[in-house]
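Summary of the model geometry
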Amino acid sequence: AQSVAQPEDQVNVAEGNPLTVKCTYSVSGNPYLFWYVQYPNRGLQFLLKYITGDNLVKGSYGFEAEFNKSQTSFHLKKPSALVSDSALYFCAVRDTGGGNKLTFGTGTQLKVEL
Amino acid sequence: KAGVTQTPRYLIKTRGQQVTLSCSPISGHRSVSWYQQTPGQGLQFLFEYFSETQRNKGNFPGRFSGRQFSNSRSEMNVSTLELGDSALYLCASSLGADVDEQFFGPGTRLTVL
């Protein structure tokens, strides 16, 4: 069965500094990976996905993610953090059995401070 | 284009009752998935419907069921509610292809007393 791990429950970063939210995955076959963000009392918003191709994926709101097959990682990055980026971030992997079933990580709370 | 809508947004029920939650996907989307979000278990997949057929099912008891209508709207039903069913229930829609991103609704907050 596929799984994703987000090793950090919380990440703190100063506004203007680069941020990284970590994710590692375990799948058999080619991984289809996603990042979502959740603001308080809201549903999840899609940020970006990796299906195939370039290892650096660019997404919404200036976020990007780097796919690393040898390290089975898919870390989310942003060159310059904003206070408004503070939210809960989820990494997810699509089920290899077909369909749209996603297995989510436990989430990482990002806090960007002035 | 309107996003995914879920009704009701908040619901309070007592143990033993049943509840029906509704989800209207983005126009043109044929796949609807349901997830349960709790502080303890995180986000867990319930089921997915595509063109009125259940395509995937998560590891939940039979008290949890769903269906999809010909207009792609979906409902999920939970019977004989338990305290542990208190959660945020999220609906997500996508065009249907396996690699499409899913768009989530705001969720229905269910509290079981």
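Our subject is the structure that appears above.
Now for a description of the structure that goes with this document. (Residues numbered from 1 in each chain as written. Chains lettered and ligands numbered in written order. Predicted model: local features only at pLDDT ≥ 70, side-chain atom pairs only at ≥ 80, totals over all residues. Heavy atoms only, no water.)

Next up on the list: the interface of chain A and chain B. A common way to state how big an interface is: give the accessible area lost once the parts meet. Listed as interface residues are 19 residues of chain A and, on the opposing side, 23 residues of chain B. Summed over both sides, the interface of chain A with chain B buries roughly 1700 Å², with 52% coming from carbon and sulfur. In terms of surface lost to chain B, no three residues of chain A exceed Leu-44, Asn-100 and Lys-101 of chain A, which account for 33% of the buried area on that side. The interface formed by chain A and chain B holds 1 salt bridge in total. Here Glu-101 of chain B and Lys-49 of chain A are joined by a salt bridge, their closest N and O atoms 2.9 Å apart. (Contact = heavy atoms within 4.5 Å. Buried area = accessible area lost by both parts, 1.4 Å probe. Salt bridge = Lys/Arg side-chain N within 4 Å of Asp/Glu carboxyl O.)

Attention now goes to the pattern of salt bridges. Residue and element names in this part refer to chain A. Following the criterion strictly, the structure yields 11 salt bridges over all chains and no others. In this structure, Lys-77 engages Glu-66 in a salt bridge whose closest nitrogen and oxygen atoms are separated by 3.0 Å. Of this pair, Lys-77 sits in strand 9 (residues 73-78) while Glu-66 sits in strand 8 (residues 64-68); the two residues are 11 residues apart in sequence, bridging distant segments of the chain. On the basis of relative accessibility, which here comes to 29%, the residue Lys-77 falls in the partly exposed class. (Helix = DSSP H or I, 4+ residues; strand = E, 2+ residues; numbered from the N terminus. Buried < 20%, exposed > 50% of the residue type's maximum accessible area, 1.4 Å probe, protein only.)

What follows covers the environment of Leu-88 of chain A. All names here are of chain A. Here Leu-88 shows up in strand 10 (residues 87-94). In the structure, Leu-88 is positioned 19 residues away from Gly-107 in sequence and 6.3 Å away in space, judged by C-alpha atoms. Excluding residues that lie within four positions of it along the chain, Leu-88 makes contacts with Tyr-36, Val-37, Gln-38, Gly-107, Thr-108 and Gln-109.

Strand pairing in a sheet is mediated by backbone hydrogen bonds. Such pairs are either parallel or antiparallel. Residue and element names in this part refer to chain B. Reading across the sheet, the 4 strands line up as 1-3-8-7 and stay open at both edges, with antiparallel pairing between neighbours. Either end of the sheet is taken by a strand with one partner, and the two such strands are strand 1 (5-7) and strand 7 (64-68). Direction aside, the axes of adjacent strands within the sheet are offset by 20 degrees on average. (Pairing = 2+ DSSP bridges. Axes fitted to C-alpha atoms, helices over the stretch in contact; angles between N-to-C directions.)

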